[in-house]
Amino acid sequence: MKKQEQDNTRRYMMESVSIIGIGIATMDIYCYKNKMYPGGNEYNIAYNAKKQGAKAAFMGVFANDKVGEILEETLQKEQIDTSHSHHEEGSSGYALVDLKDGDRVFIDWNKKGVTDLYPFEFTKEEIEYIKEFDIACISWGARVNHEKIKKLAKYGVKICYDFYDNFTLDDIREIGPNIKYAFLSCGHLSEEETKETLKEVISTGCEIAVGTRGADKTVAYDGKEFYMQPVKKVKAIDTMGAGDSYISAFLMNYLQMKADESMKSGNNIKQALEKAAEYAATIVVKEGALGIGYDVNPKKLSEIINI
């Protein structure tokens, strides 16, 4: 098959993958640059999935302020479906980021944004909509508790869950049985501790567990074999959103290969990990989580956010 035909086939297969992010939409405000960048775990996953060719949607809570408007319009410009998002009175989520000793650090964030105040309950109609997608991505920060995860799984929603780095054994045992794919930030664990953690996740019934470890090798486990993937070395400008881009690329490639009978093999996980590392490397050389920035005066946030 000629390269052009191969590219067209791959593009078609990618378009057959559908991913919805359910959770956080926020604005990262870089005070030292007078710039703000859209982001949020599931927001980033939906955006990156669309950029890679998927049918993508985001289901979050947008505030009735200027930032809420910008956050939703940024997705809509990329033809990412936000039709099942909620719109509420209150403050958009935001984080203030500064530069200290050469490193970006979070110096403050609003604890009571609209995602916190108006968490999803998931109506029957919303669940039916979510079920249209191959996978629903949710994280610890999405304010979707254990019982709601269980509810979604009960009605047939396939879930990828990001546990972050503050997971507990109770979290794993509560959530693990109701999800297909798990991602855990394991930079604080050794390789062996990461493997033991992934074993625990898989023992609950989860299909694949992936432990990212910062600049160290990512570890994945499917109950049969461990897979190791080094990061792709690039000169990073900004690591904001790197983990989310990794998740989106892994899912895109794994689901595409899983759906393609000609590509079913024991190497699917390994290949998806490699593609995820390659894609994440393209994200960390951009400013902000998505490479999309807007001018802002950090001293006048009340003009664009309901503070």
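Novice: Before we go on, may I ask you to explain the sheet that holds strand E12 (residues 216-221) in this structure?
Specialist: Adjacent strands of a sheet pair through backbone hydrogen bonds, lying either parallel or antiparallel. Read from one edge to the other, the open sheet built from 9 strands follows the order E5-E4-E1-E8-E9-E10-E11-E12-E13, with strand pairing classed as mixed. Whereas interior strands pair on both sides, the edge strands pair on one side only; in this sheet they are strand E5 (86-88) and strand E13 (226-229). Each adjacent strand pair in this sheet contributes to an overall mean axis angle of 15°, direction not counted. Sheet analysis places strand E8 (residues 135-139) next to strand E9 (residues 159-162), joined by 4 bridges and oriented parallel. Pairing of Ala136 across the sheet is with Ile159, part of E9. Most of the contacts of helix H6 (residues 146-154) go to E9, to which it runs at about 160°, and overall it touches E8 and E9. The strands touched by helix H9 (residues 242-259) are strand E1 (18-23), E8, E9, strand E10 (181-185), strand E11 (208-213), E12 and E13; relative to E10, the strand with the most contacts, the crossing angle is about 155°.

Novice: Sorry if this is basic, but what is going on with the pattern of salt bridges here?
Specialist: A side chain of one charge can pair with a side chain of the opposite charge if their charged atoms are brought near each other. Using the criterion set out here, one finds 13 salt bridges in the structure. Ionic pairing is found between Lys66 and Glu69, a salt bridge with its closest N-O pair at 3.3 Å. Linking Lys66 with Glu69, this pair stays in helix H3 (residues 66-76), spanning 3 residues, or about one helical turn. Across the salt bridge formed by Glu191 and Lys195, the nearest N and O atoms sit 3.4 Å from each other. Within this pair, Glu191 and its partner Lys195 are both found in helix H8 (residues 191-203), separated by 4 residues, close to a single helical turn. Judged by its relative accessible area of 32%, Glu191 is partly exposed. Each of Lys180, Glu207 and Lys258 takes part in a single network of salt bridges with overlapping partners.

Novice: What should I look at first to understand a nonpolar patch on the surface in this one?
Specialist: On the surface, Val234, Ile237 and Val285 cluster together to form a nonpolar patch covering roughly 220 Å² of accessible area. The topology assignment puts Val234 in the loop between E13 and H9.

Novice: Is there a simple way to think about empty space enclosed by the protein in this case?
Specialist: Gaps between atoms show up when a probe of the same size as a water molecule is rolled over them. In total, this model carries 1 cavity of 30 Å³ or more according to the counting rule given. Size it by volume and the largest cavity reaches roughly 30 Å³. As for the largest cavity, its lining consists of Asn41, Glu42, Ile45, Cys137, Ile138, Ser139, Cys160, Asp162 and Ile247. Counting residues per element, the ones that place at least two in the lining of the largest cavity are helix H2 (41-51), E8 and E9. Class assignment for the residues of the lining of the largest cavity results in 5 nonpolar, 2 polar and 2 charged.

Novice: Whenever I open this one, the pairing of strand E2 (residues 26-30) confuses me. Can you help?
Specialist: Taken across its 5 residues, E2 has 5 buried, putting it largely inside the fold. Taking every second residue as pointing to the same face, both faces of E2 are buried, with Thr26, Asp28 and Tyr30 on one and Met27 and Ile29 on the other. Relative to strand E3 (residues 35-39), E2 is paired through 5 bridges, and the arrangement is antiparallel. Bridged to Thr26 within E3 is Gly39. Here E2 folds back onto E3, and the loop between the two strands holds 4 residues, one of which, Asn34, carries a positive phi near 55°. With 5 bridges connecting them, E2 and strand E6 (residues 93-100) associate as parallel partners. Pairing of Tyr30 across the sheet is with Val97, part of E6.

What counts, and where the lines are drawn
Residues numbered from 1 in each chain as written. Predicted model: local features only at pLDDT ≥ 70, side-chain atom pairs only at ≥ 80, totals over all residues. Heavy atoms only, no water. Pairing = 2+ DSSP bridges. Helix = DSSP H or I, 4+ residues; strand = E, 2+ residues; numbered from the N terminus. Axes fitted to C-alpha atoms, helices over the stretch in contact; angles between N-to-C directions. Contact = heavy atoms within 4.5 Å. Salt bridge = Lys/Arg side-chain N within 4 Å of Asp/Glu carboxyl O. Buried < 20%, exposed > 50% of the residue type's maximum accessible area, 1.4 Å probe, protein only. Patch = residues over 30% accessible without salt bridge, like charges linked within 9 Å, V, L, I, M, F, W, Y side chains within 5 Å. Areas by Shrake-Rupley, 256 points an atom, 1.4 Å probe, with all protein chains shown as cover. 1 Å grid on protein atoms, 1.4 Å probe; cavity = no way out; pocket = protein on both sides within 12 Å on 5 of 7 lines; lining within 4 Å. Points joined across faces, edges and corners; volume = space filled by probe spheres on them. Nonpolar A, V, L, I, M, F, W, Y, C, P; charged D, E, K, R; others polar.

Honestly, that's just the spatial picture; any functional story needs more than this.
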